Amino acid sequence: MASLKFLRNRIVSVKSTQKITKAMKMVAAAKLRKAQQNAENARPYSEKLNSIILNLKNSVTDMDSAPKLLVGNQKIETYLCVVLSSDRGLCGGFNTNICRKAKVFFEKALEEGKNLKIIVVGSKANDQLKRKYNQYIIDRVSLKDEKVVSFAKAQEITDKILNLFTRNEFDVCTLFYNKFKSVIAQIPQSQQLIPVSIEEKPNQQNTANSQYDYEPDENQILENLLPKNIATQIYAAFLENQASEQGSRMTAMDNATRNAGDLISKLTINYNRTRQAVITKELIEIISGAESL
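Visitor: Quick rundown of the nonpolar core? Include the residues and the values.
Guide: One finds Val82, Val121, Ile161, Ile194, Ile234 and Phe238 to be the most contacted residues of the largest nonpolar core, which totals 35 residues. Among the secondary structure elements, those contributing two or more residues to this core are helix H1 (4-59), helix H2 (68-71), strand S1 (78-84), strand S2 (115-121), helix H5 (151-166), strand S4 (172-182), strand S5 (185-194) and helix H7 (218-292). It is H7 that contributes the most residues to this core, seven residues altogether. With residues near it in sequence (within four places) discarded, Ile161 still touches Leu80, Val82, Phe170, Cys173, Ile194 and Ile234. Tyr79, Phe106, Leu116 and Val120 belong to the second largest nonpolar core, which has 19 residues in total.

Right under this line is the structure:
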């Protein structure tokens, strides 16, 4: 049986932990509001840019002269995977879910005999992936100095991707991140950036099939627009990731706070029972001593 001193110290320790988790929940809730607003504001811009590229893609008649970022290298031998995560933990399964989806993609590519290259963004993805895929990781990007991820960071990653593509070091580039749906739901996503892969939505069919006259021509517009689109999609993924991270952390800290409360209740009951047993034992010893006299 645990001593009263041990139980008292344990209760004090759990109460201190509960205060910390409750404070972290409140901080995450405050950050979530702004992060969610940023993610929602970026979605229309990202979707509209995809719609414009889809219209231009459908208007291109000679695919042989189309930009490589649009049609690729006409082969699928080497995959470049960009995995977005966070540099901080205590956010539930946020980072694990991204890495799990990426691992499924990695295993499928390796089973098909493809070459694999990985860029990890955030230390948590690096910690989880380096155990098995360290030989495939070609670059690591830290976010420790970024309180709020800026477009400049997305442009930095875009430049690295474009430099690798220019040197023909990969054929297909895929981005992995979490899309924010709600505080309790963040959906892992995989998005192909190069060559451009855009799913045509039902409400986009009319605009996609419309005929436009472009000045300058479609290929020249795409040459300028496609690199900007990659940076925009990466930045939008960053914003989705930030909202998902805060939502996941808020949920995790709420669960931790409630679990701490349950543990405090159990420890308090155990403490009271132990204290009562000690008092009863002392009374029995006093009564027994008095009777013996």
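Visitor: Tell me what's going on with the packing of helix H3 (residues 94-111) against helix H4 (residues 123-133), and back it up with residues and numbers.
Guide: Packing of H3 against H4 brings their axes to within 10 Å, and their N-to-C directions diverge by 30°. As judged from the angle between their axes, H3 and H4 are roughly parallel. Remark: the crossing between H3 and H4 carries right-handed chirality. Counting all contacts with H3, which are made through Asn95, Thr96, Cys99, Lys103, Phe106, Glu107 and Leu110, the residues of H4 involved are Lys124, Ala125, Gln128, Leu129, Lys132 and Tyr133. Here the contact of H3 with H4 is composed, by residue class, of six nonpolar, three polar and four charged.

Visitor: Explain H3 to me, and be specific about the residues and the numbers.
Guide: With 18 residues, H3 extends 27 Å from end C-alpha to end C-alpha; this agrees with the ideal 26 Å at 1.5 Å per step. Taken together, the buried positions of H3 are occupied by Phe94, Asn95, Ile98, Cys99, Ala102, Phe106 and Ala109. The arc that holds every buried residue of H3, seen down its axis, measures 90°, which confines them to one face. Seen from the buried face of H3, the exposed residues on the opposite side, beyond 90 degrees, are Val104, Lys108 and Glu111. Among the residues trailing H3, Gly113 stands out with phi positive, at a value near 80°.

Analysis parameters
- Residues numbered from 1 in each chain as written.
- Predicted model: local features only at pLDDT ≥ 70, side-chain atom pairs only at ≥ 80, totals over all residues.
- Heavy atoms only, no water.
- Core = buried A, V, L, I, M, F, W, Y, C linked by side-chain atoms within 4.5 Å.
- Buried < 20%, exposed > 50% of the residue type's maximum accessible area, 1.4 Å probe, protein only.
- Helix = DSSP H or I, 4+ residues; strand = E, 2+ residues; numbered from the N terminus.
- Contact = heavy atoms within 4.5 Å.
- Axes fitted to C-alpha atoms, helices over the stretch in contact; angles between N-to-C directions.
- Parallel < 35°, antiparallel > 145°, perpendicular 65-115°, else oblique.
- Left-handed = near helix turned anticlockwise from the far one by under 90°.
- Nonpolar A, V, L, I, M, F, W, Y, C, P; charged D, E, K, R; others polar.
- Expected span 1.5 Å × (residues − 1).
- Arc of directions from axis to C-beta.

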